[in-house]
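# Close look at the chain arrangement
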Amino acid sequence: MAPIHFELLEVAVGSCGYNLKLLKTCTPKTVETGLKYVNNDACYPSILTTGQMIEALQSGEYDVNKTALIMSQTGGGCRATNYIGFIRKALKDAGFPQVPVISFNIVGMEKNPGFKITVPLMEKLLKSIIYGDLLQKLLLKNRPYEINQGETQKLYEKWLETCKSLVKKSTSKEFKKSIYDMVNDFEKIELDLKTKKPKVGVVGEILIKYHPFGNNFVIDVLEKEGAEVVMPDFMGFVKFMATHKITFNSLLNTDRGKAKIFKLAIRLINIFEKDLKIALANSSKDYLPPCNIWHLEEKVKDILSIGNQTGEGWFLTAEMIEYIENGIPNIVCVQPFACLPNHVVGKGVIKTIRAKFPNANISPVDYDPGASEANQTNRLKLLITVAKDNMTKEESSSTIVKSPDTTEQELALK
């Protein structure tokens, strides 16, 4: 789903005694396989995920009598909850009824004999996500401006391997030091900032947002068009899921004990992110800081209710607000065509956001098996054109300085 983060998550789970294999490859054939076993009215991510898993079992690479599939569940009414049902039906239809499907969740939805989320595993998963978020920031910030072509990618690959080793085994002191060392290493990359590039943030359904094949390589397209791409932190979604449970328990007046557990989880994440925030703040390269989930929850309330929790819920809208507040008014909202909840909290709030933030330049882009790639690319190109025009207007207006003897007529002429 998220190439940088999942590379590290694979290592984290593997270091706890599981032989985990991350399925990375996606092709048009994967889509065809998914469509064979999942109704095309289902959302695009479910088609991709099911297609990948069935393809893997059909490849002959694995002993299907000694292999299990693992998929995350969030416990909500959408994507990451219902996929397991899709996958189990597909396994039966494809002739693999004996292959078990493990539910990776922290809300006790299913019991999985043979797989357990332990405290050491959870610590490694949190470290992996923080490393993934940081590597993503460093790569996307430096690559568009680097003077020595390929330098950023090379340094990224070096640190990715280092992080894999640290995820397997590292003390708190080593983890903390590695954060500062990484930022300092990328600080040495020389940038050409003469040509200003518009910043473009990406929001949307979580798989389409991060999955290169799922979004038709949106980052590559935007960078090619002359933009600096900013991706949201994966940890932000984890924080949202915790607040999601707190709000759920509050609105329905259910188990208050669970709400306390999730509040504690957010505090724990903030402790893990403390050095990340300091290291980025000390940088001269203007990185987007990790989100404050309570601030975002408060800011979004005058646009929609925080009771919107299906799909990405209010968090998708909040990410757009976060971008705009941090000087990133250009936003691509990517979503599967059949993801109805995200159309509500994505497309559905754009008019309200534009009314509140007149400089917002937001373009929604739909993705599904039959979507036109040309249409998607044209929407992105139009977004960049508008972004560059707006940037030029801002620069022009900022250069007009009224001298003491300049008349109003002369200023108007300028």
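Above this note sits the structure.
Residues numbered from 1 in each chain as written. Predicted model: local features only at pLDDT ≥ 70, side-chain atom pairs only at ≥ 80, totals over all residues. Heavy atoms only, no water.

### Considering the sheet that holds strand β4 (residues 228–230)
Spatially, four strands are ordered β4-β3-β5-β6 in an open sheet, and the strand pairing comes out parallel. Single-partner strands in this sheet number two, and they are β4 and β6 (361–367). The sheet shows a mean angle of 25 degrees between the axes of neighbouring strands, direction not considered. Alignment of strand β3 (residues 199–204) against strand β5 (residues 330–336), held across five bridges, turns out to be parallel. Counted as the bridge partner of V202 is V332 from β5. In the packing of helix α13 (residues 314–325) onto the sheet, the strands contacted are β3, β4, β5 and β6, and the crossing angle to β3 comes to about 170 degrees. (Pairing = 2+ DSSP bridges. Helix = DSSP H or I, 4+ residues; strand = E, 2+ residues; numbered from the N terminus. Axes fitted to C-alpha atoms, helices over the stretch in contact; angles between N-to-C directions. Contact = heavy atoms within 4.5 Å.)

### Re the pattern of salt bridges
Following the criterion strictly, the structure yields 19 salt bridges and no others. In this structure, E228 and K141 form a salt bridge, with 2.8 Å as the shortest nitrogen-oxygen distance. Taken together, the residues span a long stretch of sequence, with E228 in strand β4 and K141 in helix α5 (residues 119–142) at a distance of 87 residues. Each member of the pair, E228 as well as K141, is classed as buried. Residue E325 is joined to K299 by a salt bridge in which the shortest nitrogen-to-oxygen separation is 3.1 Å. Of this pair, E325 sits in helix α13 while K299 sits in helix α12 (residues 293–300), and the two are 26 residues apart along the sequence. (Salt bridge = Lys/Arg side-chain N within 4 Å of Asp/Glu carboxyl O. Buried < 20%, exposed > 50% of the residue type's maximum accessible area, 1.4 Å probe, protein only.)

### A closer look at helix α10 (residues 234–251)
For α10, built from 18 residues, the straight-helix expectation of 26 Å at 1.5 Å per residue is met to within 8% by its first-to-last C-alpha distance of 26 Å. Most of α10 is tucked away, with 14 of its 18 residues classed as buried. Downstream of α10 by one or two residues, N253 has phi in the positive range, about 55 degrees. (Expected span 1.5 Å × (residues − 1).)

### Section: the packing of aromatic side chains
Scanning the entire structure with this criterion turns up eleven aromatic pairs. Here the aromatic rings of Y18 and F115 are separated by 5.0 Å at their centres, their planes lie at 50 degrees, and the arrangement is tilted. In this pair, Y18 sits in the loop between α1 (3–14) and α2 (28–37) while F115 sits in the loop between β2 (101–104) and α5, placing the two residues 97 residues apart along the sequence. Its relative accessible area of 11% is what places F115 among the buried residues. (Phe/Tyr/Trp six-rings, centres within 6.5 Å; stacked < 30°, edge-to-face > 60°.)

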